[in-house]
Amino acid sequence: MSKYGTLHKKDGRYALRFERFFDMKQEDVFSVITDPNAFTQWYPFATGDMDLQVGGEIGFDDGEGSTYEGVITELTPPHTFVFREVDDWIQMTIQPKDHGCEMVFTHTFDDKEMIIYVAAGWHRCLDALGQIVKGQQVQWQDNASELREYYKDAFDLN
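Within each chain, residue numbers correspond to sequence positions counted from 1 in written order. This being a predicted model, a pLDDT of at least 70 is required before a residue's local features are given, and a value of 80 or more before pairs of side-chain atoms are given or counted; all residues contribute to the totals for chains, interfaces and linings. In computing side-chain properties, one takes all heavy atoms of the structure into account and sets aside hydrogens as well as water.

Colleague: Sorry, what's going on with the environment of Pro-44 here?
Modeller: Helix and strand definitions follow DSSP, with helices as H or I runs of at least four residues and strands as E runs of at least two, each counted in order from the N terminus. Residue position: Pro-44 is located in the loop between α2 (36-42) and β3 (46-50). Considering only alpha carbons, one finds Pro-44 and Trp-122, 78 residues apart in sequence, at a separation of 9.1 Å. A contact between two residues is defined here by any heavy atoms of the two lying within 4.5 Å. Ignoring sequence-local partners within four residues, the contact set of Pro-44 consists of Phe-60, Trp-122 and Cys-125.

What follows is the structure in structure tokens.
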């Protein structure tokens, strides 16, 4: 399984899909991705405000004076967490696999010009999530420009 994301067209929109394997139970991974404190450590702009129920809101702050809410549209422990963030959709599904579990993270959005930036950003964020799931201190790698170049070539966006 590759750590790199893949790009798909979905209903006329773009969908970035990442797969991550964790050598722990899906319940444990699900509890980390839905824990408001852990969420703020890996998810961009998350404030820690999270009403964990369908229709519940997730608070975001862009750090430049704008706050907004995401809305949880599907929540089925321990395998599905889906929410809308402005016009984008974020879906995380977790399934048992090989003495652990596999999480599939999909971000569906419209802006073609942002594909390589979004892909590199999620790659880095999911690396941080992996550290949190393993109980490690988050250490952000300085690899954003390399990842943007990788995704630019991989998605043939030259």
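Colleague: Where do I start with the sheet that holds strand β6 (residues 80-85) in this structure?
Modeller: As a general point, the strands of a sheet are linked pairwise by backbone hydrogen bonds and lie either parallel or antiparallel. Strands pair, by our definition, only if DSSP identifies at least two bridges between them. Strand order in the open sheet formed by 8 strands is β1-β2-β8-β7-β6-β5-β4-β3, and the pairing between neighbours is antiparallel. Looking at the sheet topology across the chains shown, the edges are occupied by β1 (6-10) and β3. If you compare each strand with its neighbour and ignore which way they point, the axes differ by 25 degrees on average. When β1 meets strand β2 (residues 13-22), the two strands line up antiparallel, connected through 5 bridges. Residue His-8 lies in a different strand from β2, and its bridge partner there is Ala-15. Fitted lines through C-alpha atoms give the axes, limited to the stretch in contact for helices. The angle between two N-to-C directions lies from 0 to 180 degrees.

Colleague: Looking at this structure, I do not really get the pairing of β2. What am I missing?
Modeller: Along any regular strand the residues' side chains alternate between the sheet's two faces. A 1.4 Å probe rolled over the protein chains alone gives each residue an accessible area, and that area as a share of the maximum for its type sets the label: buried under 20%, exposed over 50%, partly exposed in between. Most of β2 is tucked away: 7 of the 10 residues are buried. From the end of β1 to the start of β2, which pair antiparallel, there are 2 residues, and Asp-11 there has a positive phi angle of about 55 degrees. Strand direction decides the pairing type here: β2 and strand β8 (residues 100-109), joined by 9 bridges, are antiparallel. Looking at the pairing, Glu-19 lines up with Val-104 of β8.

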